[in-house]
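# Close look at the chain arrangement
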Amino acid sequence: MVLSSSATEFVMKILKENMGPLTNFEVLDFLRSRGAAKDPTRVLAPVAPSEFKVYDYLVHSAACSQTRESITEFVAKCKPYKLTKSEITNIINIRPSSYVEIDPLIENLDSRLGESVEELVELVVQVFPPSSEQSKPDENESKELKDIM
């Protein structure tokens, strides 16, 4: 896809049709390249209001702590599991850190992966460290836990 601009009008041209789905990291990287991160006023950058909303969502997701290198490493290391492209994309976007979180992402998980499910989860956690948002304990949750104890 190529964007060309004249003044404030953008024209999209599809170079290769149906190249496949993008990861959240790729979308975030694209929005950053357009200036979404550099314009706190949301007026100067050539980014639509809807794109700012997507940017705001993605900076608080797993995509904000990912890199191209970590994604490439993950794709290479998960080849033995014979996952589909959509399963890999979902794992990259969601960053599951337990069996419960990865189960709905992979069709027939137990029959396809068997005992190696935990290895895959460990691989995800190793290659994609949690973002600062994900590693912070929720204040309400910790208060509820204290009340229970």
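Refer to the structure presented above.
Throughout what follows, the structure given in this document is the object of discussion. This structure is a prediction, so every number in the text was calculated from the model and none was measured. (Residues numbered from 1 in each chain as written. Predicted model: local features only at pLDDT ≥ 70, side-chain atom pairs only at ≥ 80, totals over all residues. Heavy atoms only, no water.)

Summing up its helical and strand segments, the protein has nine helices and two strands in all. Counting from the amino terminus, helix and strand elements in the protein follow one another as β-β-α-α-α-α-α-α-α-α-α. Counting every position in the protein, which comprises 149 residues, the buried fraction comes to 32%. Restricting the contact set of the protein to residue pairs at least 6 apart, pairs at least 24 apart contribute 54%. Counting every atom, the protein has about 10400 Å² of accessible surface; 55% of that belongs to carbon and sulfur. (Helix = DSSP H or I, 4+ residues; strand = E, 2+ residues; numbered from the N terminus. Buried < 20%, exposed > 50% of the residue type's maximum accessible area, 1.4 Å probe, protein only. Contact = heavy atoms within 4.5 Å. Areas by Shrake-Rupley, 256 points an atom, 1.4 Å probe, with all protein chains shown as cover.)

With that settled, consider the packing of aromatic side chains. Scanning the model with the defined rule gives one aromatic pair in all. Look at Phe74 and Phe128: their rings are 5.2 Å apart centre to centre, the planes differ by 50°, and that puts the pair in the tilted class. Here Phe128 lies in the loop between helix 7 (117-127) and helix 8 (132-135) and Phe74 lies in helix 3 (residues 68-77), a separation of 54 residues in the sequence. With relative accessibility at 0%, the residue Phe74 sits in the buried group. (Phe/Tyr/Trp six-rings, centres within 6.5 Å; stacked < 30°, edge-to-face > 60°.)

Before going further, it helps to spend a moment on the packing of helix 3 against helix 7. Any two packed helices are characterised by how steeply their axes cross, that is the angle between the axes, and by the distance between the axes. Axis separation between helix 3 and helix 7 bottoms out at 10 Å; the angle between their running directions is 165°. For the element pair helix 3 / helix 7, the angle class is roughly antiparallel. Helix 3 and helix 7 meet at a crossing whose hand is right-handed. In contact with Ser70, Glu73, Phe74 and Lys77 of helix 3, helix 7 contributes Leu120, Leu123, Val124, Gln126 and Val127. (Axes fitted to C-alpha atoms, helices over the stretch in contact; angles between N-to-C directions. Parallel < 35°, antiparallel > 145°, perpendicular 65-115°, else oblique. Left-handed = near helix turned anticlockwise from the far one by under 90°.)

Time to look at helix 2 (residues 49-58). Turning to helix 2, its buried residues are Glu51, Phe52, Tyr55 and Leu58. Angularly, the buried residues of helix 2 cover 125° about the axis, an arc narrow enough to put them on a single face. Seen from the open side of helix 2, the exposed residues pointing more than 90 degrees away from its buried face are Pro49, Lys53 and Tyr57. Close packing links the buried residues of helix 2 with helix 1 (24-33). (Arc of directions from axis to C-beta.)

Orientation of helix 3 relative to helix 4 (residues 85-94), taken along the N-to-C sense of each, is 135°, at an axis distance of 11 Å. Put simply, helix 3 runs oblique to helix 4. Note on packing geometry: the crossing formed by helix 3 with helix 4 is right-handed. Contacts between helix 3 and helix 4 involve Ile71, Phe74 and Val75 on the former and, on the latter, Ile88, Ile91 and Ile92. Looking at the contact of helix 3 with helix 4 residue by residue, the classes come out as six nonpolar, no polar and no charged. (Nonpolar A, V, L, I, M, F, W, Y, C, P; charged D, E, K, R; others polar.)

The next thing to look at is the environment of Ile91. Here Ile91 lies in helix 4. By relative accessible area, Ile91 is classed as buried at 0%. Setting aside chain neighbours within four positions, we find Ile91 in contact with Phe74, Leu83, Pro96, Ile102, Leu105, Ile106, Leu120 and Val124.

All right, on to the nonpolar core then. Membership of the largest hydrophobic core comes to 30 residues, with the highest contact counts inside it found for Phe74, Cys78, Leu83, Ile91, Ile102, Ile106 and Leu120. When contributions to this core are tallied by element, the ones reaching two or more residues are helix 1, helix 2, helix 3, helix 4, helix 6 (109-113) and helix 7. With six residues, the top contributor of residues to this core is helix 7. Once residues lying within four places of it in the same chain are set aside, the contact partners of Ile106 are Leu83, Glu87, Ile91, Arg112, Leu113 and Leu120. (Core = buried A, V, L, I, M, F, W, Y, C linked by side-chain atoms within 4.5 Å.)

Bear in mind that shape data such as this cannot, by itself, settle questions of function.
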